[in-house]
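Analysis of the macromolecular model
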Amino acid sequence: MRILECQGVTKFFGGLAAVSNVDFHVDQGEIVGLIGPNGAGKTTLFNLVAGTFPLSSGEIKFKGRKLSGLKPHRICQMGIARTFQETKVFANMPVLQNVLVGAFFGTPTHVSGAAAAREATQSLEFVGLSAMGATPISDLTLANQKRVEVARALATKPELLLLDELMAGLTPTEVGEAMELVTRIRDKGITVVMVEHVMKAIMGVSGRVMVLHHGEKLAEGTCNEISCNKTVIDVYLGKESNAGS
Amino acid sequence: MAEVERLLGLSMIGILAGGVYGLLAVGLSLQIGVCRVLNITHGEFLMLGGVLTFTLAGLGINPLLAPVIIGPLLFGIGFLLQATLFKRIKVRAPSPAAFEGNALLAAFGVMYIISYLARLRFGTRALPSQYLTEGVPFVGINLAVNLIVGFAIAAAVGIAVYLFLTRSRLGRAIRATAEDQPTAELMGVNTNTVLALCFGLGALLAGIAGTLISMRTPVTTAMGFNNTVIALIVVTLGGLGSVPGSFIAGIIIGVASMLVAGLWESVLIVPVYYAMLMVLLLARPTGIFGKK
Amino acid sequence: MNITRLFTAHRRPLLVGFLILLMAFVFTFPLYGGAYPTRVLTTMLMYTVLAVSWVMFSGTTGYMSLAPAAFFGIGIYSTALLQHYLPFPVIIIVGGLISFALAVLLGLVTLRLKGIYFTIFSFGLVVFIGNTVNYVEADIFGRHGWYFDALDRATLLYAMLGLAVVTVLAAYFISRSRLGLAMQSIGGNEEAAEHMGVNTTRIKVLTFAISAIFMGAAGVILAPSLSYSNPSIAFSVTYSFIPIVAAVFGGMGQLHGPVIGALVFGFLEKTLRAQLLTYFMLGFGIIMVVVILFLPNGLVGLASMLRDRLGGVISKVRNGSDGEQHANT
């Protein structure tokens, strides 16, 4: 089942097309990687799906329903959750409260205090941070803050999760742990689209990969197809393949 | 026909007075746009400009020359405010939003400091500062020379500022800093100096506006607040970051105020501004010429 | 200063004890205090209401409102207009509701935009409303200024006390509620909150409007003690400034911060004669700047900091080693 469909998605900022005529789809249960050089439009595409700003033209459908004109909180309640490239945690709260926000407000139906607390605790457990519930979030390492972001997003009970550079700034060990987390998320039945620069992670975890460049879709296919795609290598992978993170 | 003449006359006064509002707004726009400080003290600098012009006039200095002395003084105060107070607040703030909130509160405090210091020194009565009050006939009413001169000076200074911002190297540095401060810093711009300069420039422009207004109406130490409100409205109407926008908005506001005062009641001037603003913000949140 | 810190009173027994003491003290005050001291106390409680309700919205969401004076003035005018027609308790409710409605209107227009527009609007709001009322008063009612029927000093004191208690309790319970969590998430990171399902516009408008109720009610209750009012008296930006300085000075992270600040500053404002008042307004301005720069969390934060430091020193002395215990707050 196509859980997400993008047709002709375009976004202009002033005269510049940040995303230009992108067609792509995501099937339920997939892990799709979204790669491309900096400024290629990956986060902009996420922002368009999540409703941060409106499309200039084109159409985005989630489970067959058009998303245009919907505000981000509605889209979240419909079942799309996200994390942010620059970690946007609630710095004024402890860890558990951060996740509680997602648990309370991320679903369309009213959630009781007890149910939300349960959901939040389970979410924290799932990402391996249950010991840190009461810690002020600013005391956490970057890697752990990112995990809280994931827990918070998961607490909204999404069907589609957009991960924006989850692995940025992580050590190789941490990358491995994050990869394992993403797989476990998929195993829970949540479809994942992840923007990444860490090739090892993308190739290790994604089923399919899409490459953006200057806002346009450059290529799409399985990991093997992409890593063998000459255009992609010329434009992007060639620099990255030795980089590592 | 007499009514139409009167309206035309009022509108003309509004246009001329509006030029000064535009200048005031340009100063504020610089402070908000570049320094990211919602400087609600701005009107107090206008007040200082007006009050000091009066004081200097008492010492025999022509009001038209007063800015030569007052300008650098107010520039210096503005420069110092940014370089010491707002910079420190920025450094200690955990986030841009916290900085903006704290800067606003600090500006609130500074507003009271300046206003009450002035009050201690000059009292609260209206000071007769008018100058060049002879009238020039125009379509059935008399236009005071101070209005015409005021507009001319405001326009001249405004054009100078516009050219400075768009043509000079420093102007480009300012615009770069406003756009993206970290990147500008990386490209070699001393952003601390740029910010202080902009704040000082804003204060200077407010001071000049104060001088020009003092020629028209008596000044009081309490006049700052209302002029801050006007400046904020003009900036919002005209759009942050646009010098022409500020002037056009200033003129619109000037005309609106004269028409409301002439046709209706002068107390309704500010309510009308607010109504205009609300309508505009509903339709076009970035103002007439605004970018962000 | 992190003005969006968690706004909870985690010292519940302290808060309850403080409130009980306050109530006991105030209840008995008219018995031994004179007429003027009673008015001073009423004013102190009034500033408490304004400061706490200001923090309720601006302290949590981070949207700086300079509007308390506008709602306060509406409250004063509600009394002026309705004092002969409605019983006092009803006027309190009406004043609160009008403020609520105005806040909703203002919020709907400005809170869906960037915070700067909201602040700009709120700044001149007191002039806007004041001038409108002035016009209506002069041109439609043909008068200038209102005289208030005197109300028993003790009654006013108790009414203000009741309002203060209600405001503090409301702030406390909201901060522990779902609404409070939503507000704090907006203060923490509004974009993230929106993407986690928080309807940020609705929450902001609702919270702003709720805080306006208390501000309006405070104006209603204070009015009879003014004996006379006109638009420039009722709508004065000082009624925005003093509560905000008080809240900042006291510390916005805890409930008792604004309360303490408001009691102190309210006392000062009321008891100083006009001459000295100029110096003290100047002083308030200086205090505001100093606190923003050096005392990030206000007086309450300073007390916590001192307690931490002292706690550390004391346990160092005790243990005689470098095992410093971190004093929990």
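Residues numbered from 1 in each chain as written. Chains lettered and ligands numbered in written order. Predicted model: local features only at pLDDT ≥ 70, side-chain atom pairs only at ≥ 80, totals over all residues.

Secondary structure assignment for chain B yields 11 helices and 2 strands. What you see in chain B, going N to C, is helices and strands ordered as α-α-α-α-β-β-α-α-α-α-α-α-α. Computed over C-alpha atoms, the radius of gyration of chain B comes to 19 Å, within 12% of the 19 Å expected from 2.2 N^0.38 for 292 residues, which places it in the range of a compact globule. Across the 292 residues of chain B, 56% fall into the buried class. Look at the contacts in chain B between residues 6 or more apart in sequence, and 79% of them connect residues 24 or more apart. (Helix = DSSP H or I, 4+ residues; strand = E, 2+ residues; numbered from the N terminus. Rg over C-alpha atoms; globule rule 2.2 N^0.38 Å. Buried ≥ 20, exposed ≤ 12 C-beta atoms within 10 Å, placed from the backbone. Contact = placed C-beta atoms within 7 Å.)

When its secondary structure is counted, chain A shows 9 helices and 10 strands. Relative to the 2.2 N^0.38 estimate, which gives 18 Å for 245 residues, the radius of gyration of chain A is 17 Å and therefore close to what a compact globule would have. Once the C-alpha set of chain A is aligned to its principal axes, its extents read approximately 50 × 40 × 35 Å. Out of the 245 residues in chain A, the part that is buried amounts to 50%. Pairs at least 24 residues apart make up 67% of the contacts formed inside chain A by residues separated by at least 6 positions.

Residues and elements named next belong to chain A. When the domains of chain A are assigned, the result is domain 1 (1-79 + 160-179 + 188-245) and domain 2 (81-157). Centre-to-centre, using C-alpha coordinates, domain 1 lies 23 Å away from domain 2. When residues of the side of domain 1 that touches domain 2 are traced back to their parent elements, those giving at least two are helix H1 (42-50), helix H2 (72-78) and strand S7 (160-164). Looking at the side of domain 1 that touches domain 2, the element that brings in the most residues is S7, giving 4 residues. The class makeup of the residues in the side of domain 1 that touches domain 2 is 8 nonpolar, 3 polar and 3 charged. (Domains from an automatic or database assignment. Nonpolar A, V, L, I, M, F, W, Y, C, P; charged D, E, K, R; others polar.)

Residues and elements named next belong to chain A. What the 6 strands build is an open sheet, ordered S6-S7-S8-S3-S9-S10; its pairing is mixed. The outermost strands of the open sheet, each flanked by one partner alone, are strand S6 (80-82) and strand S10 (216-222). Neighbour-to-neighbour, the strand axes of this sheet turn through a mean angle of 20°, independent of strand direction. As judged from the 4 bridges shared by strand S3 (residues 31-35) and strand S9 (residues 208-213), these two strands associate in the parallel manner. Its bridge partner lying in S9, Leu34 is registered against Met210. Lying on the sheet, helix H6 (residues 172-187) is in contact with S3, S7 and strand S8 (191-195); it crosses S8 at an angle near 150°. (Pairing = 2+ DSSP bridges. Axes fitted to C-alpha atoms, helices over the stretch in contact; angles between N-to-C directions.)

Most of helix H7 (residues 178-188) of chain C is tucked away: 9 of the 11 residues are buried. Among all positions in H7(C), only C:Gly180, C:Leu181, C:Ala182, C:Met183, C:Gln184, C:Ser185, C:Ile186, C:Gly187 and C:Gly188 are buried. Where H7(C) is buried, its residues touch helix H3 (95-105) of chain A together with helix H2 (35-61), helix H6 (153-175), helix H8 (190-195) and helix H9 (200-222) of chain C.

Residue and element names in this part refer to chain A. Extensive coverage of S3 is indicated by the burial of 5 of its 5 residues. Of the two faces of S3, the one carrying Ile31, Gly33 and Ile35 and the one carrying Val32 and Leu34 are both buried. In terms of strand pairing, S3 meets S8 through 4 bridges, oriented parallel. Bridge assignment links Gly33 to a residue of S8, and that residue is Met194.

As a further point, take the sheet that holds strand S2 (residues 16-27) of chain A. Residue and element names in this part refer to chain A. Judged by pairing direction, the sheet is antiparallel, and its 4 strands sit side by side in the order S2-S1-S4-S5 without closing on themselves. Strand pairing shows two members of the sheet lacking a second neighbour, S2 and strand S5 (65-66), which therefore form its edges. When strand S1 (residues 2-13) meets S2, the two strands line up antiparallel, connected through 8 bridges. Among the inter-strand pairings, Phe12 is bridged to a residue of S2, identified as Ala17.

Bringing the interface of chain C and chain B into the picture now. On the chain B side, the residues contacting the 36 residues of chain C number 38 residues. Sorting the residues of the side of chain C that touches chain B by element identifies helix H4 (88-110), helix H5 (115-140), helix H11 (238-250) and helix H13 (274-294) of chain C as the ones contributing at least two each. Ranked by the residues each element gives to the side of chain C that touches chain B, the list is headed by H5(C), at 13 residues. Per-class residue counts for the side of chain C that touches chain B are 24 nonpolar, 11 polar and 1 charged.

Residues and elements named next belong to chain B. Position of Gly19 among the secondary structure elements: in helix H1 (residues 2-35). Gly19 sits in the buried class, given 27 other C-beta atoms within 10 Å. Taking the C-alpha atoms as reference points, Gly19 and Ala152, separated by 133 residues in sequence, lie 8.2 Å from one another. Other than its neighbours up to four places away in sequence, Gly19 contacts Gly150, Phe151, Ala154, Ala155, Phe247, Gly250 and Ile251.

Residues at a pLDDT of 70 or more form 96% of chain A, whose mean pLDDT is 90. The weakest mean pLDDT in chain A belongs to helix H9 (residues 230-240) of chain A at 71; the strongest belongs to S6(A) at 97. (pLDDT = per-residue confidence, 0-100.)

A word on the packing of helix H3 (residues 68-82) of chain C against H5(C). All names here are of chain C. At their nearest, the axes of H3 and H5 sit 8 Å apart, and the two run at 25° to each other. When the interaxial angle is binned, H3 and H5 end up roughly parallel. When H3 is examined against H5, the residues Ala69, Ala70, Gly73, Ile74 and Tyr77 are found in contact with a partner set consisting of Leu125, Val126, Ile129, Gly130 and Val133. The residue inventory of the contact of H3 with H5, partitioned by class, reads 8 nonpolar, 2 polar and no charged. (Parallel < 35°, antiparallel > 145°, perpendicular 65-115°, else oblique.)

Let's shift gears to the confidence of the model for chain B. Of all residues in chain B, 97% have pLDDT values of 70 or greater, and the mean over the chain is 90. For this predicted complex, the interface score ipTM comes out at 0.92, alongside a pTM of 0.89.

Here the focus is unusual backbone geometry. Residues and elements named next belong to chain A. Of note in this structure, Lys157 is not a glycine but carries a positive phi near 55°. Here Lys157 shows up in the loop between helix H5 (142-155) and S7. Phi angles above zero are rare outside glycine, and His214 is one such case at about 50°. Along the polypeptide, His214 turns up in the loop between S9 and S10.

Let us look at the environment of C:Val49. All names here are of chain C. Along the chain, the position of Val49 falls in helix H2. When the 30 C-beta atoms within 10 Å are taken as the criterion, Val49 is described as buried. Spatially, the C-alpha atoms of Val49 and Ser211 are 9.5 Å apart, while their sequence positions differ by 162 residues. If sequence neighbours within four positions are ignored, Val49 has contacts with Leu163, Ala164, Thr167, Phe214 and Ala218.

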